[in-house]
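# Inside the fold
Each chain, written out:
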Amino acid sequence: MAQTQPYGFACQGGLDINQSQFVLAQQQAGTAVDLVNFEVDSDGGYRRISGHEIVAAGRINSIATKIHGITPYTNGGAIAAVGTDIYLADSTLSDGTHDSDTWLKINRSGGVAPAASGGNNYTDFSALSVAARTSQDNVKFTIYETALDPEIVIFDGVNAPLHFKASAAGEHTAKTYWVTTITVNTGSIAGTNPAFGIIHENRLVTSGDTSNPNTVFYSEANDIDDFPNGGSVTLEDKVIGLKSFRGDIIIFCEDSIHKLININDSSNVAVVPITKQVGCLSGDSIQEIGGDLVFLAPDGIRTLAATEKIGDTELGSVSRQIQPLIVDDIVNNINNLTVRSTVIRRKNQYRLYYSNLSEAESLGKGIIGTLTKSGFAWSEIHGFQATCHGTNDGYIINSDNDTSSVFKLAGASVDIECSYTTPHLDFGDLATRKTLNFVKLDVKAEGTVTPKLSINFDNGDTDTLQPPTYTMNTLTAPSLFGTAVFGTNIFSSPKKSSEKQPVQGSGHNVSFTIQAESADNFIINGIYVDYYPSGRR
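No experiment lies behind these values; they were computed from the predicted model shown. (Residues numbered from 1 in each chain as written. Predicted model: local features only at pLDDT ≥ 70, side-chain atom pairs only at ≥ 80, totals over all residues. Heavy atoms only, no water.)

Moving on, we get to the overall build of the chain. Helix and strand content of the chain: three helices and 40 strands. Among the 537 residues that make up the chain, the fraction classed as buried is 53%. Restricting to contacts in the chain with at least 6 residues of sequence separation, those with at least 24 account for 58%. Only carbon and sulfur atoms are counted for the fraction: they give 46% of the accessible area of the chain, which is about 22,800 Å². (Helix = DSSP H or I, 4+ residues; strand = E, 2+ residues; numbered from the N terminus. Buried < 20%, exposed > 50% of the residue type's maximum accessible area, 1.4 Å probe, protein only. Contact = heavy atoms within 4.5 Å. Areas by Shrake-Rupley, 256 points an atom, 1.4 Å probe, with all protein chains shown as cover.)

The structure is reproduced here in structure tokens:
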């Protein structure tokens, strides 16, 4: 009998559906042609993504209404836009003891402006009239750090910006409050209801007003409520987003990108084009990661980076591996999609969520870009809507929570289905038939998981006998001294294991799919195959 031959590879490179599988098989066997609900692990391998945890006890003030936006604010608290109102949670939100019925409504009129002294105590502030934020949606927040308590400006593109401040210490009853609305008006032109804004060199810079969509407004220095003493610039293109970057204001437009410079020198304020060939499809896609700006362009995910030359920037494309997915699923449907993005800095990850919010949450999708030494490596997310941190029915979500391994949507736990498929591998010789003996997975379990292995020969040729799906042995996380509990944890499990699965079947090339649907995470580091080579043709 012929001797078996070995073939193995490390799982690295992420999803690549742009290059041919033949090229991948020869040069990048560890890449994936399907990688759903996995992330490229910064330490190597493909890790099933963590879950999403419901924060605090139930909904905000028991309101089953869409969360339009949420942001952290002062010592573990948060501000959330729900329905037609804005709510403040105190610092007990982050420690899990917050009562869902003690969110404080802060969209009030007649309060003290944050730039003024004094403020209102809890009783007086609660007695102020509520000013409904009619038709608010896709609410954005900008923090203005001051020598005292941080101030926050809230935008929705429909109502005037809300400017709010609360003293940092204590629960609601112990705080002092300031609130006002900002009139964005430079005298000659008004941007009454801007959709977004940033803080740049102690000025508030805004845009996105539907009446003046091409205009960028900026306030007086050190007084973000004062726009008559500020200024404005009008471009030829509709403004999609703003970002403060390396001393300049980057203006993302539909079909171009510019930078606004010298706003502190009224005689030399200028708009300098970066490119008139590339624009931004969604201001909600703009993030900063690895020292560069990342955004969704018509031709994929792009970066805007500073160069060694002072004041210079350059554009790059970082999503060529998943170009068909971006074009077919996102770009071609952008007008029907809600797009949101976030950065998970501890993992060097950029996440872009996209979905039609009229559809079920389980139909939501996204992409994960992990910044590695070789650039971005990509994977997909399925089963989570483009809301990032809040659901359509009022629940706050803690995304990528390592203490949770399930999606918790609408208050219910849903196990995460994950799938990884290799290219069709020919083990270096497409002409030789390979009869498989066994497959080993180099895997690390973070809980209890039972992976399933599927094998596909000869590109799925119907004339080739395809073996059944194999249910592999259940993997368990190791029990560590000092944390394991006798009678609860399973002992003797190694920190990393090589799980062997005897298999059947033969073909000239073969693809492997590993799937799981469980409440626990695991990492696939590599795959080893033992096979019998036979006749060549």
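The two faces of a sheet get side chains in turn, since along a regular strand they alternate between them. Only one face of strand S18 (residues 231-234) is covered, namely the one carrying Gly231 and Val233; the face carrying Ser232 and Thr234 has none of its residues buried. Relative to S18, strand S17 (residues 215-218) is paired through four bridges, and the arrangement is antiparallel. Each bridged residue has a counterpart across the sheet, and for Phe217 the counterpart in S18 is Ser232. (Pairing = 2+ DSSP bridges.)

Strand order in the open sheet made by the four strands is S6-S7-S8-S9, with antiparallel pairing throughout. The outermost strands of the open sheet, each flanked by one partner alone, are strand S6 (67-73) and strand S9 (104-105). Pairing of S6 with strand S7 (residues 77-82), which is carried by six bridges, proceeds in the antiparallel orientation. Paired with Pro72 across the bridge in S7 is Ala78.

The topology assignment puts Asp248 in strand S20 (residues 248-253). Under the relative-accessibility criterion, Asp248 is labelled buried at 15%. Residues in contact with Asp248, not counting those within four places in the same chain, are His200, Lys243, Lys259, Leu260 and Ile261.

For the coordinates displayed, the defined rule picks out twelve salt bridges. Across the pair Lys66 and Asp137 runs a salt bridge whose closest N-O atoms are separated by 3.1 Å. Here Lys66, found in the loop between strand S5 (51-54) and S6, pairs with Asp137, found in the loop between helix H2 (122-127) and strand S11 (140-144); they are 71 residues apart in sequence, far enough to count as distant. Where Asp85 meets Lys105, a salt bridge forms, and the shortest distance between an N and an O atom there is 3.5 Å. With Asp85 in strand S8 (residues 85-89) and Lys105 in strand S9, this residue pair connects regions lying 20 residues apart in the sequence. According to the relative accessible area criterion, Lys105 is partly exposed, its value standing at 24%. (Salt bridge = Lys/Arg side-chain N within 4 Å of Asp/Glu carboxyl O.)

Ordered in space as S19-S20-S21-S22, the four strands form an open sheet in which the pairing is antiparallel. At either end of the open sheet lies a strand with only one pairing partner, and these are strand S19 (239-245) and strand S22 (270-275). Put simply, the sheet's adjacent strands are angled 25° from each other on average, direction ignored. Bridge analysis of S19 against S20 gives six bridges, and the strand direction is antiparallel. Paired with Phe245 across the strands is Asp248, a residue of S20. (Axes fitted to C-alpha atoms, helices over the stretch in contact; angles between N-to-C directions.)

This part is about the packing of aromatic side chains. For the structure shown, the criterion picks out twelve aromatic pairs. An aromatic cluster of at least three residues, connected via ring pairs, comprises Tyr7, Phe9, Phe427 and Tyr531. The ring of Phe125 has Arg108 sitting right over it, with the charged end atom 5.7 Å from the ring centre. Seen from the ring of Phe438, Lys500 lies directly overhead, with NZ or CZ sitting 4.2 Å from the centre. (Phe/Tyr/Trp six-rings, centres within 6.5 Å; stacked < 30°, edge-to-face > 60°. Lys NZ or Arg CZ within 6 Å of the ring centre and 35° of its normal.)

Before going further, it helps to examine unusual backbone geometry. Phi is positive for Asn202, which is not a glycine, with a value near 60°. By the element assignment, Asn202 lies in the loop between strand S15 (196-200) and strand S16 (203-207). Relative accessible area serves as the criterion here: at 35%, Asn202 is assigned to the partly exposed category. Even without being glycine, Asp458 reaches a positive phi, approximately 50°. Structurally, the position occupied by Asp458 is in the loop between strand S35 (452-457) and strand S36 (470-471).

Bridge count for S11 against strand S12 (residues 151-155) is five bridges, and the pairing is antiparallel. Each bridged residue has a counterpart across the sheet, and for Ile143 the counterpart in S12 is Ile152. Taking the residues that link successive antiparallel strands as the turn, the S11-S12 hairpin has six residues.

Moving on: the environment of Gly69. Position of Gly69 among the secondary structure elements: in strand S6. By relative accessible area, Gly69 is classed as buried at 10%. Counting along the chain gives 67 residues from Gly69 to Gln136, while the straight-line C-alpha distance between them is 10.0 Å. Gly69 has contacts with Ile79, Ala80, Ala81, Val139 and Phe141, leaving out every residue within four places of it along the chain.

It is worth spelling out the side chain of Gln136 at this point. Structurally, Gln136 can be placed in the loop between H2 and S11. One polar contact links the side chain of Gln136 to the main-chain carbonyl oxygen of Gly83, over a distance of 3.0 Å. What Gln136 contacts, discounting residues up to four positions off in sequence, is His68, Ala81, Val82, Gly83, Thr84, Asp85, Ile86, Asp156 and Asn159. (Polar contact = N/O pair within 3.5 Å; in protein donor to acceptor, adjacent residues only side chain to side chain.)

On to the environment of Asp458. In this structure Asp458 comes out as buried when scored by relative accessible area, which is 15%. Distance from Asp458 to Gly507, taken between C-alpha atoms, is 5.8 Å for residues 49 residues apart in sequence. When residues no more than four places from it in sequence are discounted, the contact partners of Asp458 are Thr464, Gly507, His508 and Asn509. Looking at Asp458, its side chain comes within polar contact range of the side chain of Thr464, at 3.1 Å.

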